[in-house]
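Geometric and topological summary
The residues making up each chain are set out below.
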Amino acid sequence: MSGEAQTSWLGRLNIDSLSIWRAIENPSVSEFVGAGAALVAIFGGIGALVLITWLRAWGTLWRDWLTSTDHKKIGVMYCVLALVMLLRGVIEGVVMRTQQAFGMGGGFLAPEHFSELFSTHGTIMIFFVAMPFIIGITNYVMPLQLGARDMSFPVLNQISLALTATGAALVMISLVLGEFATGGWTNYPPYTGKDFQPGPGPDYWIWAIVLSGLGTTLTGINFAVTLYKERAPGMTLFRMPIFCWTVLCASIVMIFALPPLTLAALMLAADRYLDFHFFTNDLGGNMMNYVNLFWLFGHPEVYLLVIPAYGVFSEVVPTFSGKRLYGYNSMVYATMAIAVLSFCVWLHHFFTMGQSANVNIAFGIASMAIAVPTGVKIYNWVATMYRARIRMTVPMIYATGFFFLFTIGGLTGVMLANPVISYQVHNTLFLVAHFHNVLIPGVLFGIFAGYHFWFPKVFGFRLEERWGKRAACLWVVGFCFTFLPLYALGLMGMPRRSVMWDDPAFQPFMWLALVGALTILSAVTALGIQLWVSVRNRAATACPLGDPWNGRTLEWSIPSPPPPYNFAQVPQVRTRDDFTDAKATGRAYQPLSAYEDIEMPRNTAIGMIVLIGSTLLGLALIFWIWWLAIVSVGVMLTALIGRTFWLNTTYTIPAEEIARDHQAWLAEVHAAQRITRAEETQAANRGRAALELPQGVSV
């Protein structure tokens with residue numbers, strides 16, 4: 001779209017904004033691909049509404065989910081959002097790989113469409129897959145591991161989810177109305193300034209990032225306060241599970257790294273909307289200011305994502321090795337070192353942009369140094385598995401793939417920390433291979449390991465193991481075929497972001513990458529089949545007693561799914577891995593001498609008001625519908641201010657109800673068969689694991 005003046009009450013929104021209409025007016029394969037994606041989004045949304053209506057689930061959905069302040073349900077909704085966006089992100093990746101596989105003949109996508117694809121793909125996978133999935137798992141698991149009732153700020157938690165969902169909604173709406181930015185997931189000016197891209201594309205990126213980034217910043221504050229203030233009695237910092245330590249460090253990164261991105265996006269908006277000149281080519285603008293602000297966020301962001309994944313592996317490896325995690329203290333210090341160093345390396349993203357050799361050297365050394373604490377972690381995980389009886393479950397397959405592939409990605413990262421090498425390959429597919437080599441094994445494999453590991457805690461039944469193993473193996477194989485050939489292509493000189501190419505030597509590697517992309521799509525399909533089969537057979541895999549894997553931390557000491565209040569009585573923690581110690585010493589599954597009423601936060605519609613209002617605000621700003629922007633802000637401010645006058649914000653669960661449910665669960669636990677490691681994936685596993693340790697190994 002051009003930057004025409006506003007002529008109606010709909011601003012610059014008109015019939016030409018519809019991607020389907022553009023395909024009718026200018027028929028081409030590229031336009032039909034875009035229109036097809038729009039139709040999938042439209043009919044997918046309609047199909048979801050029809051299904052909910054047919055199931056008569058609107059009341060349940062509203063009461064139990066959309067208005068809930070329960071950290072567990074908010075965590076599940078974060079994960080559902082991430083899975084939906086993952087499907088789109090993977091499909092876009094397959095389309096790009098297909099285009100590049102046929103790129104020698106020109107392919108089938110217009111250059112602008114290809115640019116839009118890699119912009120949405122990167123934005124989605126970072127901001128609306130990896131971050132929501134990590135936040136969702138953390139939301140569910142971290143308060144349970146702390147022995148807490150809920151997050152410190154339950155309503156703020158709901159609002160944070162709403163703002164994240166708003167950003168995802170704007171990215172999805174861009175399929176149907178207007179178009180997305182073509183400046184990559186970084187949205188670099190001045191290319192994304194109004195002189196170069198006057199249409200709504202960069203504005204979609206700006207407001208999706210600003211609104212979701214605000215939600216993520218609030219989440220970081222909420223996580224940090226919860227970790228500092230809501231720990232159970234006796235749980236000192238050095239008794240916390242490593243997962244909680246990784247969340248604490250990631251929360252600090254969230255709090256300090258997201259504001260530079262939000263500020264950079266708002267300054268770019270000021271350039272586009274108010275004729276400012278922060279990042280323009282004239283009147284004192286300097287786009288390098290944007291680059292510094294963006295990567296001051298961007299590189300800590302990588303560790304914001306990967307540090308909690310490290311925490312997942314630190315739970316999975318000891319559990320399925322039947323041993324205490326080796327080197328707990330060193331893991332804590334290594335995590336903190338990574339969090340600090342993550343703020344000291346951002347300049348390696350623009351070694352080629354003219355700063356002095358001394359500056360490059362300093363940031364190159366810091367970039368190499370960050371590999372040291374990461375190596376400490378890998379050593380500790382391997383040492384944990386040494387002489388253990390490892391169960392090669394689905395999470396352990398992901399962990400094993402992570403150990404090998406992430407090490408390769410880390411080594412190439414050390415190579416790129418050398419400014420001389422970085423100068424040679426900075427704009428080639430070598431770099432694309434490297435950051436996928438870090439993010440997919442380091443983040444996605446950790447996410448999927450945690451998804452499979454904690455799924456029975458969330459829903460009370462285990463995921464089907466065979467399809468899970470197929471999906472895990474397909475992910476590992478698909479990654480290798482898709483991205484390892486890109487290292488060779490990068491060294492051969494193929495530029496990144498190329499819609500077409502003319503060197504026949506690239507062809508074999510391009511076809512390998514396409515095969516890998518299709519394999520990854522098969523892996524996502526296998527995940528869907530696994531979920532379907534698991535839900536269908538959930539009675540056979542039910543584990544309501546809560547401990548299907550012989551877990552070590554407090555979340556496994558309560559029923560599955562947990563009650564709204566989590567714990568009938570806040571636990572008294574005596575040591576690390578307190579639940580394993582409780583099982584070994586006979587403290588686990590003991591009746592309580594007395595029960596007390598528990599006060600919990602009430603449901604509220606404030607999150608849904610923020611979701612609808614901020615989505616309309618984003619669309620209004622993108623298409624210059626100023627009256628709608630004013631109305632949206634007014635409604636949200638009214639709701640938020642009105643909420644402060646609402647006094648009836650909690651409800652009480654009576655002690656009699658808690659006692660009845662808890663005692664019934666204890667009776668079922670004591671009557672259940674204790675399951676050995678060999679029976680872990682069988683129907684007999686109802687969630688009462690026998691405590692089994694390798695000979696000579698302490699709890």
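Residues numbered from 1 in each chain as written. Predicted model: local features only at pLDDT ≥ 70, side-chain atom pairs only at ≥ 80, totals over all residues. Heavy atoms only, no water.

Focus: the pattern of salt bridges
When their charged atoms lie close together, side chains carrying opposite charge are able to pair. The final tally for this structure, using the stated rule, is 13 salt bridges. Residues Arg-552 and Asp-577 are paired through a salt bridge, measuring 3.0 Å at the closest nitrogen-oxygen approach. Residue Arg-552 is located in the loop between α17 (507–536) and α18 (578–585), and its partner Asp-577 is located in the loop between α17 and α18; the two are separated by 25 residues in the primary sequence. Where Glu-668 meets Arg-686, a salt bridge forms, and the shortest distance between an N and an O atom there is 3.6 Å. With Glu-668 in helix α21 (residues 655–671) and Arg-686 in the segment after α21, this pair connects stretches of sequence that are 18 residues apart. With relative accessibility at 36%, the residue Glu-668 sits in the partly exposed group. Because the salt bridges share partners, they merge into one network encompassing Arg-12, Asp-203 and Arg-272. (Salt bridge = Lys/Arg side-chain N within 4 Å of Asp/Glu carboxyl O. Helix = DSSP H or I, 4+ residues; strand = E, 2+ residues; numbered from the N terminus. Buried < 20%, exposed > 50% of the residue type's maximum accessible area, 1.4 Å probe, protein only.)

A few points about helix α6 (residues 154–173)
Over its 20 residues, α6 extends 29 Å from the first C-alpha to the last, a length consistent with the 28 Å expected when each residue adds 1.5 Å. For α6, the buried fraction is high: 16 of the 20 residues fall into the buried class. (Expected span 1.5 Å × (residues − 1).)

Focus on the packing of helix α7 (residues 201–229) against helix α8 (residues 242–274)
Contact pair α7 / α8: the axes reach a minimum separation of 7 Å and the direction vectors enclose 155 degrees. With respect to each other, α7 and α8 are oriented roughly antiparallel. Along this stretch, α7 crosses α8, giving a crossing that reads as left-handed. (Axes fitted to C-alpha atoms, helices over the stretch in contact; angles between N-to-C directions. Parallel < 35°, antiparallel > 145°, perpendicular 65-115°, else oblique. Left-handed = near helix turned anticlockwise from the far one by under 90°.)

Observations regarding the packing of helix α5 (residues 111–146) against α7
Running from N to C, α5 and α7 cross one another at 20 degrees; their axes reach a closest spacing of 11 Å. On the basis of the axis angle, α5 is roughly parallel to α7. Between α5 and α7 lies a crossing whose hand is left-handed. Of the residues in α7, those touching α5 at Thr-123, Phe-127, Phe-128, Met-131, Ile-135, Thr-138, Asn-139, Met-142 and Leu-146 are Trp-205, Ala-208, Ile-209, Ser-212, Thr-216, Thr-219, Phe-223, Thr-226 and Leu-227. (Contact = heavy atoms within 4.5 Å.)

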